[in-house]
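Fold and geometry: a report
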2 protein chains.
Amino acid sequence: MADIEEFVESAGLYFERLGLSRTAGRVMGCLLADTGEAVDAPGLCARLGVAKSSMSVALHQLERSGLVERYRPPRARRDHYRLTEDVFGRAFRAKMTEFAAFAALAEQGLDVVGDRPAARARLEHMRDMYAFMAREFPRLLDRWDAERTDAARRPDGSDTDGPHRLRPPTRL
Amino acid sequence: MADIEEFVESAGLYFERLGLSRTAGRVMGCLLADTGEAVDAPGLCARLGVAKSSMSVALHQLERSGLVERYRPPRARRDHYRLTEDVFGRAFRAKMTEFAAFAALAEQGLDVVGDRPAARARLEHMRDMYAFMAREFPRLLDRWDAERTDAARRPDGSDTDGPHRLRPPTRL
DNA sequence: CTAAGTGTTCGGAACATTCCGAACAAACTA
DNA sequence: TAGTTTGTTCGGAATGTTCCGAACACTTAG
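About the cut-offs
Per chain, the residues get numbers from 1 upward, laid out in the order the sequence is written. To label them, take the chains in the order written and letter them from A, then take the ligands in the order written and number them from 1. pLDDT decides what is reported in this predicted model: residues at 70 or higher carry local features, side-chain atom pairs at 80 or more are listed and counted, and totals for whole chains, interfaces and linings draw on all residues regardless. What sets the superposition is a least-squares fit of C-alpha atoms, and only residues with pLDDT of at least 70 in both copies go into it. Each residue gets a C-beta atom placed from its backbone, and two residues are in contact if those atoms lie within 7 Å. Whenever a helix is involved, its axis is fitted only over the stretch in contact; in every case the axis is a line through C-alpha atoms, and angles between N-to-C directions fall within 0 to 180 degrees. The helix count covers DSSP runs of H or I at least four residues long, the strand count covers runs of E at least two residues long, and both are numbered beginning at the N terminus. Throughout this description, any angle smaller than 35 degrees is read as roughly parallel, any larger than 145 degrees as roughly antiparallel, any in the 65 to 115 degree range as roughly perpendicular, and the remainder as oblique. In this scheme the handedness of a crossing depends on how the near helix is turned from the far one: anticlockwise by less than a right angle means left-handed, clockwise means right-handed. Gly falls in the polar group here, along with every residue not listed as nonpolar (Ala, Val, Leu, Ile, Met, Phe, Trp, Tyr, Cys, Pro) or charged (Asp, Glu, Lys, Arg). Each residue gets a pLDDT score, which is the predictor's confidence in that residue and runs from 0 to 100. We call a residue near a molecule or strand when the C-beta position, derived from backbone atoms, sits within 6 Å of it. In short, DSSP must find at least two bridges between two strands for them to pair.

Moving on, we come to the relation of the copies chain A and chain B. For the pair chain A and chain B, the best superposition has an RMSD of 0.1 Å and corresponds to a rotation of 180° with a translation of 0.0 Å parallel to the axis. This pairing of chains is accounted for by a two-fold axis. Most of the interface of chain A is mirrored in chain B, where 98% of its interface residues again form contacts.

Pasting the structure below:
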């Protein structure tokens, strides 16, 4: 423990379960804890010991899922990469679309199931529950943002609870 | 479209993205839309065309994740399987543990990262946000249950909105 | 006690995915 | 424009996963 290498590897595992590739997860680990703000592809290749082709697809993956953005510093020859402004908000929003997808799956089931009442009730329950979650989850995000800025306005700790009040609202 | 076979296959894909195996996902599709309440392993094997060994591990997977439960009807020789009482609630709760896991990952990062302020702020943000979600998500489930039973008490449509009021609260 | 039936475990085959190195395309410099 | 650097794409090797069939426990009926 207490080893950065292990953290990067753990991040690889964790983000892999989210549907990314292993190396993409390791890149996330590097961007989160190890490297500074501005990294380039060759640096990440050397850091993780992977070919630049693998790094290319991994970075594309991260870019398309909105977790990482690419930018070109003025007068620079190569692209640089950094975490998106609101990485975790995007990750949560991805979860939300997952909920919507399951609601759609239930809808598809309702289209093909006959009139057996038990199955219909089951699928309607599934559809409504996932739709409810897809609808309410963004509001949870809003609440998080609200409490966060609220804690920033009163950094004396006068708000009630939650660990999120302990820090200023640094826009990571 | 409008084909049960396609729905079962879609369910296989969708639940596969949740970490289950493909056949386990197909079994979920069958239990959701196709088969009746009580199915046995040989029936599912014939229905999906898989070996009974694969079905055994798939059903174990579903049982350990709490989506399916096994029971033995009185005087029956073989086990039967059905969806858990609160399948989707359990699925959501699994998501919640995923949030907690990511909070723990951030904590691990805080243990190994030095005192670079940017990285610390990033990881603290990550930890607090995921902890917030892990904490608040169950309350969303509670709200769902509350509105659902509320809609059941007043099935005249006097509650405001949401598709969940359209059905009686059949405990699937 | 014997035999039939049910469920699990294991080794190997089939399958899909990931990754690397090399070839390719594109952009910038001189 | 020629040459260099950066980034992407592609075929093949390697890795990991899933599935099947067979062998193995365990239970129950007769």
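Further notes follow.
With that out of the way, let us pick up the packing of helix H3 (residues 41-48) of chain B against helix H4 (residues 52-64) of chain B. All names here are of chain B. Two elements in contact, H3 and H4, have axes separated by 10 Å at closest approach and are oriented at 115°. Relative to H4, the element H3 lies roughly perpendicular. In terms of crossing hand, the pair formed by H3 and H4 is right-handed. Contacts between H3 and H4 pair Ala41, Pro42, Leu44 and Cys45 from the former with Lys52, Met55 and Leu59 from the latter. Its residues assigned to classes, the contact of H3 with H4 comprises six nonpolar, no polar and one charged.

Residues and elements named next belong to chain A. For chain A, per-residue confidence averages 86 on the pLDDT scale, and residues scoring 70 or more make up 87% of the total. Between the elements of chain A, mean pLDDT differs from a low of 90, seen in helix H6 (residues 117-153), to a high of 96, seen in helix H4 (residues 52-64). Note on residues 157-172: pLDDT under 50 across the span, and 28 contacts to partners over four residues away in sequence or across chains.

Okay, the protein's contact with DNA strand C next. As a structural note, the neighbourhood of DNA strand C is formed by 16 residues, with Ser53 and Ser54 of chain A together with Ser53, Arg78 and Asp79 of chain B the closest of them. Secondary structure elements with two or more residues in the surface near DNA strand C: helix H2 (22-34) and H4 of chain A together with H4 of chain B. Partitioned by chemical class, the residues of the surface near DNA strand C number four nonpolar, seven polar and five charged.

Residue and element names in this part refer to chain A. Of the pairings in the sheet, the one linking strand E1 (residues 39-40) to strand E3 (residues 80-83) comprises two bridges and is antiparallel in character. Residue pairing across strands places Asp40 opposite His80, the latter belonging to E3. Bridging between strand E2 (residues 68-71) and E3 involves four bridges; their strand directions are antiparallel. Across the sheet, Val68 pairs through a bridge with Leu83, a residue of E3.

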